[in-house]
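Listed below are the residues making up each chain.
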Amino acid sequence: FFLSSYMLVFLYPIFQSLLIPAEFPEVDNYLRFLFAVPIYIMMRNININKTTILYSVNIISIFIGIAALYYSIFFSDSRVRGFTSTSAIFSNISLLFLLISFFTLKDFYLTHKKHIYIPILGTIFAFVAWNSTEPRGSLIAVLFVLIFILINKELRNKYIISNVKFIIISLFIFSSVFYHSDSMTRINNAYSSTYNYIYDNTPHYWKHKDSIVPRLNLWHASINMINDNIMLGVGLSNYNKSLDSQIKAGKIQPIRNDSNNYTAGMNHAHNQYLDIFAKTGIIGFLTLIYFIGMNYYHFYRNLRNNKDNIPGFMGALALVSYVSYMMYHTILSHQQSVLFLTFTLAILAGLFYSKNIERN
């Protein structure tokens, strides 16, 4: 069932593209789900000890922070995107490693007390990388991950440091840095323009800085597409065309006030759930839900039987994080996002399986 979830997300878009022709780059993204299968099979036959996994993740976190510092110093982008195509992708990856490094601090200390500075540095550098992207939507993932850990007593006891002084210092540093970052400016800008647009009927101009009104219009358009094409969707390559038709019909406001480009070139919904539903219909949407459900079942069910399985905990964190990212980012429309999602889950699921076999 776990492997079938990868195969279904790979196969259905290909089948749907035979009914509604799609460009190859749109279908190509879903090939990553197929490529992840042999990765999973390979990794579950490899035995890597817990210490190596913990060191590897934290060293990667440090390198992500170094990369962010390099790009912020030598490149002029206001929001660092690092080695990815958009700052949102780099932000998502940085935040995932930040969460993993932070929540494995306790486990790292209990496993290998001498080098506790490594996960501390991993947490700090990953936080620097995440903060350099001026994050906004990814705060949802922080909330969801906290809820996921706190509602489970055994996970809470194992992975959260109960020292009150440590918690207060961590919260103070996080909130202080975040409050004085450009992220708060972006959040305030978004709140002002959106509040005025919704409650005061203030006209929206597409150049309003950091506004989420265009995104609200995209979501509205996506719901219209779902209502009109609930079974098959509009097709993987027809989102922009359908969006343009709705704008010209007066169903939604223009994303950009330019008669030559009302849609601003948007070809996805900035919400994975709405995007896949609008493009591939209800069956495509259900394949994504099935994929999420099978991964959650695989990680969480087995994690209950073996709390000490660190790849399982990391896999659960990665899944919860990406389920949250999908609320504001169209993962499957970006090659690097879908590649990182599928390979990360496949690698951790394989190591998780390997550790359970070793334990048995």
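Residues numbered from 1 in each chain as written. Predicted model: local features only at pLDDT ≥ 70, side-chain atom pairs only at ≥ 80, totals over all residues. Heavy atoms only, no water.

Considerations on the nonpolar core
Cut-off, in case you're wondering: We define the nonpolar core as a collection of buried residues of types Ala, Val, Leu, Ile, Met, Phe, Trp, Tyr and Cys that are connected through side-chain atoms lying within 4.5 Å of one another. We call a residue buried when its accessible area falls under 20% of the maximum for its residue type, exposed when it is over 50%, and partly exposed in between, using a 1.4 Å probe and counting protein chains only. The contact criterion used is simple: two residues touch if any of their non-hydrogen atoms lie within 4.5 Å.
Y6, F33, L95, F313, M314, Y325 and L345 are the most contacted members of the largest nonpolar core, which has 75 residues in total. Residues in contact with L345, not counting those within four places in the same chain, are Y6, F291, N295, F299, G315, A318 and L319. Core analysis: the second largest hydrophobic core is formed by 14 residues, A221, V234, L243 and A278 among them.

Quick notes on the side chain of H298
Note the threshold: Secondary structure elements follow DSSP: runs of H or I of four or more residues count as helices, runs of E of two or more count as strands, with numbering from the N terminus.
Along the polypeptide, H298 turns up in helix α14 (residues 272-305). Residue H298 is classed as buried on the basis of its relative accessible area, which comes to 11%. Ignoring any residue separated from it by four or fewer positions in sequence, one finds H298 in contact with F2, Y40, A349 and F352.

Quick notes on the layout of surface pockets
Keep this limit in mind: We place a 1 Å grid over just the protein atoms. Points where a 1.4 Å probe fits but has no way out form a cavity, open points with protein on both sides within 12 Å along at least 5 of 7 lines form a pocket, and any residue with an atom within 4 Å of a point lines it. Grid points are joined across faces, edges and corners, and a volume is the space filled by probe spheres set on the points.
The calculated volume of the second largest pocket comes to roughly 960 Å³. Residue lining of the second largest pocket: 30 residues in total, with F102, T123, F166, S170 and L171 positioned closest to the centre. Those elements giving two or more residues to the lining of the second largest pocket turn out to be α5 (87-103), α6 (105-111), α7 (117-131), α8 (139-150) and α10 (164-179). Here the element with the most residues in the lining of the second largest pocket is α10; it accounts for seven residues.

Concerning unusual backbone geometry
Even without being glycine, E134 reaches a positive phi, approximately 55 degrees. The backbone phi angle of H270 is positive, close to 60 degrees, even though this residue is not glycine. Within the secondary structure layout, H270 lies in the loop between α13 (239-248) and α14. Among the residues examined, H270 registers a relative accessible area of 16% and is labelled buried.

A closer look at the side chain of K279
Looking at the element boundaries, K279 is found in helix α14. Among the residues examined, K279 registers a relative accessible area of 1% and is labelled buried. For K279, the contacting residues outside a window of four places in its chain are Q16, E26, L232, G233, V234, G235, L236, Y239, N267, H268 and S333.

Remarks on the packing of aromatic side chains
The geometry of an aromatic ring pair is captured by two quantities: the separation of the ring centres and the angle between the planes. Inclusion rule: To pair, rings of Phe, Tyr and Trp, with the six-membered ring standing in for Trp, must have centres within 6.5 Å; the planes then decide the type, stacked if under 30 degrees apart, edge-to-face if over 60, and tilted in the middle. By definition here, charges over rings are those cases where NZ of Lys or CZ of Arg is within 6 Å of the ring centre and within 35 degrees of the ring normal.
According to the stated counting rule, one finds 26 aromatic pairs in the structure shown. A centroid spacing of 5.2 Å and a plane angle of 80 degrees characterise the contact between F102 and F103, whose relative ring orientation is edge-to-face. A relative accessible area of 27% places F102 in the partly exposed class. On the basis of relative accessible area, F103 is assigned to the buried category, the value being 5%. Over the ring of Y353 we find R44; its NZ or CZ atom is 4.3 Å from the centre of that ring.

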